[in-house]
Amino acid sequence: MNIELGILNDGRITMVSDRPFPDIVRRVEYYRDQRLFQLVYNDDELEDQLMECEIPESMVYPVEKSPSVIVMTIVKGLDPLGYKAPLIKVGELY
């Protein structure tokens, strides 16, 4: 699964995947000390998914300002799916 981050004109973060997620993302948690996102799904039986790639330094400020994330999946042969999920910041702001 490839996931790309972007910034909308209103400052919100977008997260676009080339494969469907296992379920609807309930919220996205941002761990400040590690600069990592974790996806929390609606289905409590699914394990939360910690993203393996550290957020680039250039994205830290936009992430800190954004109250939510637009989660999108764009898969060949399927209609695009997009929705808003809350962005929860975890840890000390330094």
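You'll find the structure just up there.
Residues numbered from 1 in each chain as written. Predicted model: local features only at pLDDT ≥ 70, side-chain atom pairs only at ≥ 80, totals over all residues. Heavy atoms only, no water.

Visitor: Tell me about the layout of surface pockets, and name the residues and values.
Guide: A volume near 260 Å³ is recorded for the largest pocket. Residue lining of the largest pocket: 15 residues in total, with Ile3, Leu5, Met51, Glu52 and Cys53 positioned closest to the centre. Among the secondary structure elements, those contributing two or more residues to the lining of the largest pocket are strand 1 (3-7) and strand 5 (49-50). A total of 3 residues in the lining of the largest pocket trace back to one element, the largest contributor, which is strand 1. (1 Å grid on protein atoms, 1.4 Å probe; cavity = no way out; pocket = protein on both sides within 12 Å on 5 of 7 lines; lining within 4 Å. Points joined across faces, edges and corners; volume = space filled by probe spheres on them. Helix = DSSP H or I, 4+ residues; strand = E, 2+ residues; numbered from the N terminus.)

Visitor: So what about the sheet that holds strand 2 (residues 13-17)? Which residues, and what values?
Guide: Within a beta sheet, neighbouring strands are joined by backbone hydrogen bonds and run either parallel or antiparallel to one another. Taken in spatial order, the 7 strands of this open sheet run 1-2-6-7-3-4-5, and their pairing is mixed. The open sheet has two edge strands with one neighbour each: strand 1 and strand 5. Both strand 2 and strand 6 (residues 68-73) contribute to a ladder of 5 bridges, which runs parallel. By the bridge assignment, Ser17 is partnered in strand 6 with Thr73. Docked against the sheet, helix 1 (residues 57-65) engages strand 1, strand 2, strand 3 (25-31), strand 4 (36-41) and strand 7 (81-90), running at close to 70 degrees with respect to strand 1. (Pairing = 2+ DSSP bridges. Contact = heavy atoms within 4.5 Å. Axes fitted to C-alpha atoms, helices over the stretch in contact; angles between N-to-C directions.)

Visitor: Report on the pattern of salt bridges, specifying residues and quantitative values.
Guide: Note that side chains of opposite charge can pair when their charged atoms are close. Summed over all chains, the structure comprises 6 salt bridges. Of the charged contacts, one joins Asp10 and Arg12 as a salt bridge, the two residues approaching to 2.8 Å between their closest N and O atoms. In this structure, the salt-bridge partner of Arg26 is Asp44, at a minimum N-O distance of 2.4 Å. Taken together, the residues span a long stretch of sequence, with Arg26 in strand 3 and Asp44 in the loop between strand 4 and strand 5 at a distance of 18 residues. Taken together, the shared-partner salt bridges connect Arg35, Glu54 and Glu57 into one network. (Salt bridge = Lys/Arg side-chain N within 4 Å of Asp/Glu carboxyl O.)

Visitor: Before we move on, can you summarise the nonpolar core with the specific residues and values?
Guide: Formed by 19 residues in total, the largest nonpolar core has its most connected members in Val25, Val28, Phe37 and Leu39. Looking at this core, the elements with two or more residues in it are strand 2, strand 3, strand 4, helix 1, strand 6 and strand 7. Ignoring anything within four residues of it in the chain, the contact list for Val25 reads Leu39, Val40, Tyr41, Val71, Tyr83 and Ala85. (Core = buried A, V, L, I, M, F, W, Y, C linked by side-chain atoms within 4.5 Å. Buried < 20%, exposed > 50% of the residue type's maximum accessible area, 1.4 Å probe, protein only.)

Visitor: Which residues make up unusual backbone geometry, and what values go with them?
Guide: A positive phi angle, near 55 degrees, is found at Arg35, a position not held by glycine. Mapped onto the fold, Arg35 is located in the loop between strand 3 and strand 4.

Visitor: Give a detailed account of the side chain of Gln38, specifying residues and quantitative values.
Guide: Assignment of secondary structure puts Gln38 in strand 4. For Gln38, a relative accessible area of 14% translates into the label buried. Not counting residues up to four positions away in its chain, the partners in contact with Gln38 are Arg27, Val28, Glu29, Tyr31, Asp48, Gln49 and Leu50.

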